[in-house]
Amino acid sequence: MRLHKRLKQNKSLLPVNSTLLLAISGGQDSMALLKLIIDLKRLYKWQVEVWHGDHKWHTKSKQIEEELKLWCLNKQIPFHSNKANKEEVANEAKARDWRYQNLLTKANLLSSKNIYFPYTRILTGHTATDRAETVIMNLARGSDLIGLSTLKEQRTLENNIDLVRPFLIFNRNETLEICKEFNLPIWIDPSNENINLTRNKIRKEVLPILNSIYQGADSRIASLASRLESISKDQQSLAKIAIEFCQGEDITSLSRKKLIDFSSSIRKILFFHWLNMLGVTRVTALQIEEINSKILKSKPPGIIHLHGDFLIRWDKETIYISNKAN
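The next thing to look at is the overall build of the chain. Tallying secondary structure elements over the chain gives 12 helices and 10 strands in all. Across the chain, the fraction of contacts at a sequence separation of at least 24, relative to all contacts at a separation of at least 6, is 66%.

In structure tokens, the structure reads:
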């Protein structure tokens with residue numbers, strides 16, 4: 001009922017007659033998601049298929065894939081899977097990129113085979129607990145506001161394909177209860193116990209301490225991320241207007257004189273969104289602080305090197321951004 005209510009509130013999340021591709025690991029969160037989507041399938045007239053990614057991080061990964069496949073086929077749910085090699089999933093970030101790339105490839109392939117029912121939604125089982133973990137992780141990294149509002153409920157991956165996380169309204173304790181209530185199988189991934197992985201360390205060591213101090217801390221942190229997402233959207237719209245006002249000959253340049261008239265905090269917001277618009281996505285709050293300080297206080301000309309071979313240059317009148325390769 002909670003999921004149904006949320007879908008009625010936001011009808012663009014999982015529209016009626018949508019074709020859905022679910023990323024299912026076999027863990028409690030994804031199995032709970034699969035169960036509820038199956039139960040609502042007839043009401044919303046969805047077409048549902050499952051994708052599973054085998055990272056081969058442990059010896060039981062093949063067994064999990066085979067047993068999950070059998071379970072899905074017994075339920076008459078189409079099942080697809082991909083196996084990774086070590087280089088593709090060498091760390092958490094690469095593994096995430098590998099999963100999304102394979103999900104997109106599979107969605108596009110399935111759409112090409114049935115052009116009348118293209119796959120427009122890819123679903124993952126991320127919960128409010130995952131959202132809280134991400135906030136803590138990004139906060140420790142020195143992320144700006146937009147980084148603290150990650151794990152959005154819905155975002156576009158490519159063309160008309162959206163990534164949707166309908167289970168952000170549940171926490172991990174609740175997904176376990178769903179699995180118990182419906183007697184769902186759960187396949188435990190041994191790699192989830194490896195505290196050398198950042199997320200696992202936060203899950204196993206940091207969040208339990210916070211919850212012991214303030215019961216329900218993970219849910220409140222996740223709620224904060226949701227509120228920050230709304231603030232971030234408003235901020236992005238206003239920043240775009242201000243960037244257009246300060247723009248030089250094109251989007252790769254800004255008027256230094258116009259920026260000086262803004263407060264320091266507003267300048268930092270503009271720099272962050274300007275860099276993101278130009279493809280500089282890996283920028284921390286400390287880097288934004290450095291850019292703001294040097295460009296407006298240091299005697300021109302000057303230059304700052306950024307991630308991805310990007311350069312920021314400035315003179316008395318204008319601030320420019322370019323790529324070293326150009």
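Here 6 strands make up an open sheet; going across it, the order is S3-S2-S1-S4-S6-S5 and the pairing mixed. The open sheet has two free edges, formed respectively by strand S3 (79–83) and strand S5 (154–158), since each of these has just one partner strand. Direction aside, the axes of adjacent strands within the sheet are offset by 25° on average. Where strand S4 (residues 119–123) lies against strand S6 (residues 161–164), 3 bridges are found, and the strand directions are parallel. Paired with Ile122 across the bridge in S6 is Leu163. Sitting on the sheet, helix H3 (residues 61–74) touches strand S2 (47–54) and S3, and the angle it makes with S2 is about 170°. Against the sheet, helix H4 (residues 92–113) engages strand S1 (19–23), S2, S3, S4, S5 and S6, with an angle of about 145° to S2.

Working note: non-glycine residues mostly have negative phi, and peptide bonds are mostly trans. In this chain, Pro300 is followed by Pro301 through a cis amide linkage whose omega measures 0°. With respect to the secondary-structure elements, Pro301 resides in the loop between helix H12 (285–297) and strand S8 (302–306). One non-glycine residue, Asn17, lies in the positive phi region at around 70°. Assignment of secondary structure puts Asn17 in the loop between helix H1 (2–9) and S1. In this structure, Asn183 takes a positive phi of about 55° despite not being glycine. Take Asn183: its relative accessible area is 68%, and that puts it in the exposed class.

Here the structure, examined in full by the defined rule, presents 14 salt bridges. Among the ionic pairs, Glu133 bridges to Arg172, the shortest N-O distance being 3.0 Å. Of this pair, Glu133 sits in helix H5 (residues 128–141) while Arg172 sits in helix H7 (residues 172–181); the two residues are 39 residues apart in sequence, bridging distant segments of the chain. This pair shows no difference in class: Glu133 is buried, exactly as Arg172 is. Taken together, the salt bridges that share partners define one network made up of Asp29, Asp130, Glu133, Arg172, Arg199 and Arg203.

Here H5 contains 14 residues, and its C-alpha end-to-end distance of 20 Å stays within 8% of the 20 Å for a straight helix at 1.5 Å per residue. With respect to burial, H5 is a largely interior element, 11 of its 14 residues being buried. At the N-terminal end of H5, a side-chain oxygen is found 3.2 Å from the backbone nitrogen of Thr129, two or three residues along, and the residue is Thr127. At the exit of H5 stands Gly142, carrying a positive phi of roughly 90°.

What follows is about a nonpolar patch on the surface. Together, Ile115, Tyr116 and Phe117 make up an exposed nonpolar region whose accessible area comes to about 400 Å². With respect to the helices and strands, the residue Ile115 is situated in the loop between H4 and S4.

What follows is about the packing of helix H8 (residues 198–213) against helix H9 (residues 217–246). The N-to-C vectors of H8 and H9 enclose an angle of 105°; their axes lie 8 Å apart at closest approach. Classed by the angle they form, the pair H8 and H9 counts as roughly perpendicular. Of H9, the residues touching H8 (which contributes Leu207, Leu210 and Asn211) are Ala217, Asp218 and Ile221. Its residues placed into classes, the contact of H8 with H9 shows 4 nonpolar, 1 polar and 1 charged.

The next point concerns the side chain of Ser255. Within the secondary structure layout, Ser255 lies in strand S7 (residues 253–255). Within polar-contact distance, the side chain of Ser255 engages the backbone nitrogen of Lys258 at 3.2 Å.

Calculation criteria
Residues numbered from 1 in each chain as written. Predicted model: local features only at pLDDT ≥ 70, side-chain atom pairs only at ≥ 80, totals over all residues. Heavy atoms only, no water. Helix = DSSP H or I, 4+ residues; strand = E, 2+ residues; numbered from the N terminus. Contact = heavy atoms within 4.5 Å. Pairing = 2+ DSSP bridges. Axes fitted to C-alpha atoms, helices over the stretch in contact; angles between N-to-C directions. Buried < 20%, exposed > 50% of the residue type's maximum accessible area, 1.4 Å probe, protein only. Salt bridge = Lys/Arg side-chain N within 4 Å of Asp/Glu carboxyl O. Expected span 1.5 Å × (residues − 1). Polar contact = N/O pair within 3.5 Å; in protein donor to acceptor, adjacent residues only side chain to side chain. Patch = residues over 30% accessible without salt bridge, like charges linked within 9 Å, V, L, I, M, F, W, Y side chains within 5 Å. Areas by Shrake-Rupley, 256 points an atom, 1.4 Å probe, with all protein chains shown as cover. Parallel < 35°, antiparallel > 145°, perpendicular 65-115°, else oblique. Nonpolar A, V, L, I, M, F, W, Y, C, P; charged D, E, K, R; others polar.

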